[in-house]
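Here is how the chains run, residue by residue.
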Amino acid sequence: QVQLVESGGGLVQPGGSLKLSCVASGFPFSNYAITWYRRPPGKERDPIATIGKPPSITTYVDSVKGRFTISRDNAKNTVYLQLNSLRPEDTAVYYCGWAGHWGQGTQVTVSS
């Protein structure tokens, strides 16, 4: 069974940082790109960052470029999202996704 489990969210002040993780199972993780999505309250879920299979090329939407960093550890079947310089507009549930699957999400709240 495909499973994706996110963790690492929390409450943080503007300008703060968090590191999210996503542990995957049930598919050959190393052979696929993984995407982080987020869903702000009352809005649709949108992709924000993707990391490909090796050589693990990364892409970001402009709103997070330079602030967020996606990475992966294939030995641990885990993808990470480092969130820096957080803004209130970053408040959302963050999900990792692959092939139409995503996890339960982890809440990130940025508030002063």
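A brief structural summary. (Residues numbered from 1 in each chain as written. Predicted model: local features only at pLDDT ≥ 70, side-chain atom pairs only at ≥ 80, totals over all residues. Heavy atoms only, no water.)

**Quick look at the overall build of the protein chain**
Part 1 of the reasoning: Counting its regular elements, the protein chain contains 0 helices and 11 strands.
Part 2 of the reasoning: For the protein chain, the sequential pattern of α-helices and β-strands runs β-β-β-β-β-β-β-β-β-β-β.
Part 3 of the reasoning: Scaling as 2.2 N^0.38, a compact globule of 112 residues should have a C-alpha radius of gyration of about 13 Å, and the protein chain matches this with 13 Å.
Part 4 of the reasoning: For the protein chain, the spread of C-alpha atoms along the principal axes amounts to about 40 × 25 × 20 Å.
Part 5 of the reasoning: Across the 112 residues that make up the protein chain, the buried fraction comes to 40%.
Part 6 of the reasoning: The long-range fraction of contacts in the protein chain, counting pairs at least 24 apart against all pairs at least 6 apart in sequence, stands at 51%.
Part 7 of the reasoning: Computed over 11 positive and 7 negative side-chain charges, the inter-centroid distance for the protein chain is 4 Å. (Helix = DSSP H or I, 4+ residues; strand = E, 2+ residues; numbered from the N terminus. Rg over C-alpha atoms; globule rule 2.2 N^0.38 Å. Buried < 20%, exposed > 50% of the residue type's maximum accessible area, 1.4 Å probe, protein only. Contact = heavy atoms within 4.5 Å. Lys, Arg positive; Asp, Glu negative; His and termini not counted. Charge placed at Lys NZ, Arg CZ, Asp CG, Glu CD.)

**What about the sheet that holds strand E1 (residues 3-7)?**
Part 1 of the reasoning: An order of E1-E3-E8-E7 is seen for the 4 strands of this open sheet, with the pairing classed as antiparallel. Both outer strands of the open sheet, E1 and strand E7 (68-73), are each paired with one neighbouring strand and no more. Along the sheet, successive strands turn relative to each other by an average axial angle of 15°, direction set aside. (Pairing = 2+ DSSP bridges. Axes fitted to C-alpha atoms, helices over the stretch in contact; angles between N-to-C directions.)

**Points about the state of the cysteines**
Part 1 of the reasoning: Applying the stated criterion across every chain yields a total of 1 disulfide.
Part 2 of the reasoning: Linked covalently through their sulfurs, Cys22 and Cys96 form a disulfide whose S-S length is 1.8 Å. A torsion of 65° about the S-S bond marks the disulfide between Cys22 and Cys96 as right-handed. On the criterion of sequence distance, the pair formed by Cys22 in strand E3 (residues 18-25) and Cys96 in strand E9 (residues 92-98) is long-range, its members being 74 residues apart. Just as Cys22 is buried, Cys96 falls in that class too. (Disulfide = S-S within 2.5 Å.)

**Description of the side chain of Thr91**
Part 1 of the reasoning: Turning to its location among the elements, Thr91 is positioned in the loop between strand E8 (78-83) and E9.
Part 2 of the reasoning: From its side chain, Thr91 meets the backbone oxygen of Pro88 in a polar contact 3.0 Å long.
Part 3 of the reasoning: Polar contacts involving the side chain of Thr91 include one to the main-chain amide nitrogen of Val110, which spans 2.9 Å.
Part 4 of the reasoning: Contacts of Thr91, omitting those with residues within four sequence positions, involve Pro40, Pro41, Gln107, Val108, Thr109 and Val110. (Polar contact = N/O pair within 3.5 Å; in protein donor to acceptor, adjacent residues only side chain to side chain.)

**Considerations on unusual backbone geometry**
Part 1 of the reasoning: Along the chain, Pro54 connects to Pro55 via a cis peptide bond; the corresponding omega equals 20°.
Part 2 of the reasoning: Considering the arrangement of structural elements, one finds Pro55 in the loop between strand E5 (46-51) and strand E6 (58-60).

**Description of the nonpolar core**
Part 1 of the reasoning: Ranked by internal contacts, the top residues of the largest apolar core, which has 26 residues, are Trp36, Val79, Leu81, Leu83 and Tyr94.
Part 2 of the reasoning: Mapped onto this core, the elements with two or more residues apiece are E3, strand E4 (34-39), E5, E7, E8, E9 and strand E11 (106-110).
Part 3 of the reasoning: Those residues in contact with Leu83 that sit more than four places away from it in its chain are Gly16, Ser17, Leu18, Leu20, Arg67, Phe68, Tyr94 and Val108. (Core = buried A, V, L, I, M, F, W, Y, C linked by side-chain atoms within 4.5 Å.)

By themselves these figures say nothing about function.
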